[in-house]
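# Chains, contacts and geometry: an overview
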Amino acid sequence: MDIKFYNTLTRQKEVFTPINKEEIRIYSCGPTVYYFAHIGNLRAYLFMDTLRRVLKYNGYRLKHVMNITDVGHLVSDADEGEDKMIKAAKRENKNPFEIAEFYMNAFLEDIRKLNIDKPEIIARATEHIDIMEQYVQQIINNGYTYQTEDTVYFDTSKLDKYGVLSNRNIKEQKAGARVEFDTNKKNISDFALWIKAPENHIMKWNSFFGKSYPGWHLECSAMGYHYLGKHFDIHTGGVDHIPIHHENEIAQSKGFCGTIPANFWMHVEFLQINGGKMSKSLNNLYTLKDLEDKGYEPLVYRMFNFTSNYRGQINFTFEAMDAAKVALARLREGYLKHLEGNEEIEKEMIESYEQKFLMAINDDLNMPVAMSVVWDVVKNPKKSKKLANLLLQFDEVLGLQLNNYHKQEKSDLPVEIQELITQRNEARNNKNWTESDRIRDILISNGYNVKDSKDGTIVEKQ
Ligand code: AMP
Ligand code: ZN
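The numbers attached to residues start from 1 for each chain and follow its sequence in the written order. Chains and ligands are labelled sequentially in the order written, the chains with letters from A and the ligands with numbers from 1. It should be noted that, the model being predicted, local features are given only for residues of pLDDT at least 70 and side-chain atom pairs only at 80 or more, the latter also being counted only at that level, while totals for whole chains, interfaces and linings use all residues. Hydrogens and water are ignored here; the side-chain numbers use all heavy atoms of the structure.

What follows deals with the site of ligand 1. The near set for a molecule or strand comprises every residue that places at least one heavy atom within 4 Å of it. Every one of the 14 residues lining ligand 1 counts as a neighbour, but Thr32, Gly40, Asn41, Asp240 and Leu271 are closest to it. Residue Gly238 places a main-chain N or O atom 3.5 Å away from an oxygen atom belonging to ligand 1. Any pair of nitrogen or oxygen atoms within 3.5 Å is treated as a polar contact; in protein, a donor-acceptor pairing is required on top of that, and neighbouring residues in sequence qualify only through side-chain atoms on both sides. For ligand 1, a nitrogen atom lies 2.8 Å from a polar atom in the backbone of Leu271. Method for areas: the Shrake-Rupley scheme with a 1.4 Å probe, in which residue coverage is limited to the protein chains shown. For ligand 1, the accessible surface in isolation is 500 Å², of which the surrounding protein chains cover 90%. The helix count covers DSSP runs of H or I at least four residues long, the strand count covers runs of E at least two residues long, and both are numbered beginning at the N terminus. Sort the elements by how many residues they give to the shell around ligand 1 and helix 1 (residues 39-57) lands first, with 4 residues. Each residue receives one of three labels: charged for Asp, Glu, Lys and Arg, nonpolar for Ala, Val, Leu, Ile, Met, Phe, Trp, Tyr, Cys and Pro, and polar for the others, Gly being one of them. In terms of residue class, the shell around ligand 1 is made up of 6 nonpolar, 6 polar and 2 charged.

Attention now moves to the pattern of salt bridges. Here, a salt bridge means any side-chain nitrogen of Lys or Arg that lies within 4 Å of a carboxyl oxygen of Asp or Glu. One pass over the full model with this rule turns up 29 salt bridges. A salt bridge links Glu120 to Arg52, with the shortest nitrogen-to-oxygen separation between them at 2.8 Å. Residue Glu120 is found in the loop between helix 3 (96-113) and strand 5 (121-124), and its partner Arg52 is found in helix 1; the two are separated by 68 residues along the sequence. The cut-offs for exposure are 20% and 50% of the maximum accessible area for each residue type, with area from a 1.4 Å probe on protein chains only; residues under the lower value are buried, those over the upper are exposed, and the others partly exposed. A relative accessible area of 40% places Glu120 in the partly exposed class. Taking the shortest distance from any N to any O, the salt bridge between Glu101 and Arg124 comes out at 2.9 Å. Of this pair, Glu101 sits in helix 3 while Arg124 sits in strand 5, and the two are 23 residues apart along the sequence. Residue Glu101 is classed as partly exposed on the basis of its relative accessible area of 37%.

Moving on, we come to the side chain of His235. Note on placement: His235 falls in strand 11 (residues 232-238). For His235, the side chain forms a polar contact with the side chain of Glu249, separated by 2.6 Å. If we ignore the near neighbours within four places in the chain, the residues touching His235 are Tyr27, Cys29, His246, Glu249, Ala262, Phe264, Trp265 and Met266. Any two residues whose heavy atoms approach within 4.5 Å at even a single point are treated as in contact.

Time to look at the packing of helix 1 against helix 13 (residues 385-398). Pairs of packed helices are described in terms of their axes, by the angle between the two and the distance that separates them. Between N-to-C directions, angles span 0 to 180 degrees; the directions come from axes that are lines fitted to C-alpha atoms, helices contributing only their stretch in contact. Interaxial distance between helix 1 and helix 13 falls to 7 Å at its minimum, and their mutual angle equals 135 degrees. Viewed along their axes, helix 1 and helix 13 adopt a mutual orientation that is oblique. Between helix 1 and helix 13, the residues in contact are Arg53, Val54 and Tyr57 and Gln393, Phe394, Asp395, Glu396 and Val397, respectively. Its residues assigned to classes, the contact of helix 1 with helix 13 comprises 4 nonpolar, 1 polar and 3 charged. Here the angle decides the label: under 35 degrees means roughly parallel, over 145 means roughly antiparallel, 65 to 115 means roughly perpendicular, and every other value means oblique.

Most peptide bonds take the trans configuration, and most residues that are not glycine carry a negative phi. Positioned with a positive phi, Asn93 is a non-glycine residue whose angle comes to about 55 degrees. Overall, Asn93 belongs to the exposed group, its relative accessible area being 73%.

Turning to the domain arrangement of the chain, a few remarks are in order. Each domain of the chain was delimited in the assignment, giving domain 1 (18-268) and domain 2 (329-411). One C-alpha centre belongs to domain 1, the other to domain 2; they are set 39 Å apart. Between domain 1 and domain 2, the residue contacts involve 9 residues of the former and 14 residues of the latter. Accessible surface is computed with a 1.4 Å probe, and the buried area is the amount of it that two parts give up when combined, taken over both parts together. Among the residues domain 1 hides against domain 2, the three largest losses belong to Arg53, Val54 and Tyr57. Together they make up 57% of the total. Our count for the contact surface shared by domain 1 and domain 2 stands at 5 residue pairs in polar contact (both at pLDDT 80 or more). By residue number, the principal contributor to the side of domain 1 that touches domain 2 is helix 1, which donates 6 residues. Here the side of domain 1 that touches domain 2 is built from residues that sort into 5 nonpolar, 3 polar and 1 charged. Segmentation of the chain into domains, including their bounds, is taken from an automatic or database domain assignment.

Listed below in structure tokens is the structure:
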């Protein structure tokens, strides 16, 4: 069956045809690790996860790169303000490398808890400075740059067109500009490729430009090229990347080798809170840990995200989270009921469910429709192991870890105990017996009995 994705580049849904059907190559813009990810950021990685799972469900092998920005991202995407890493270092009185290490690990822990299928390659910008330097030098040699005393700029007027994703041109931008732009730039859309480090700047490297550091946009082009080549299948990011960051990536790639790096550009819309923006000042910016503290296991947030397609905004409310919590519990119960049933189910019925589910996910990752098929299976009055297995098959896309769910989780165990059980189940699935024993000991010391059997693990209060 065809897979269709909405392509921001062509502004339409198109049939996805891989460049090489043996292996799909994807690049995703990853986090800037200067603070904890908020749940809006995490929506972006849940979208990336669904994309991976849907392609794998269709039988494809993936080579997927996600970057970790740990240098060079200024407060605005358009090269204004302070470097986010350095700002965070001042805030926390640490050095920027410590900041990066800490928040990168916090991010990896969040995506583990959300059961996000990790890209094959996670690439940190600071570990690829030489790759970026080689890349920028080719852009310079190809004549697409100019230099001021402290910055190498990309000259966007050298391109046939700048703004292919957002369909703008430089003249329109000038006419519509509301803010004065950096007077060192020749054109408002020009951007920094490489920057000379001020005297007391900690993140700097010896390069062709003296003690200096790369501009933020460069890392994605250089690492994308390094791991995936000049031309790959899909590039993903948030809608906020469309007007600047991804336009600049395309500009860099055209300056480097003349072409747009990816065939498909896919962008996830923003999560809203109570119908508005999330922000620290409104005190409505939540992390995954905040949700856990309020009693929601991370998979409830995953479930909540399936109520909307990635291209639509989604409105976060605690009422919607409560509904997702109930829905997840019902799904698990429904799965268990089927697991215990032995009624006969016609092959045609299973095939029809499979077909409908595949049609939904292959239609630009339409998870709300896919979930309606899941509910049809759950609510089927005939209880059958075959339907339980079908739900497990669908769970390859949903990632809700239904196979880790066993009877004891129907009871009201505290969230932290459920989380430990999930971690232990994962360790057992991975045959990591040391970790599984370690977690069992914690459960016992918290006053729980742990019994393993071939049908799973039962955890009960002692
Ligand atoms: P950053 O770490 O700031 O570079 O952002 C990481 C990712 O989160 C980017 O792909 C953004 O597009 C995305 N993002 C930021 N805010 C939201 C939001 N409210 N909803 C969904 N995605 C977001
Ligand atoms: Zn990027």
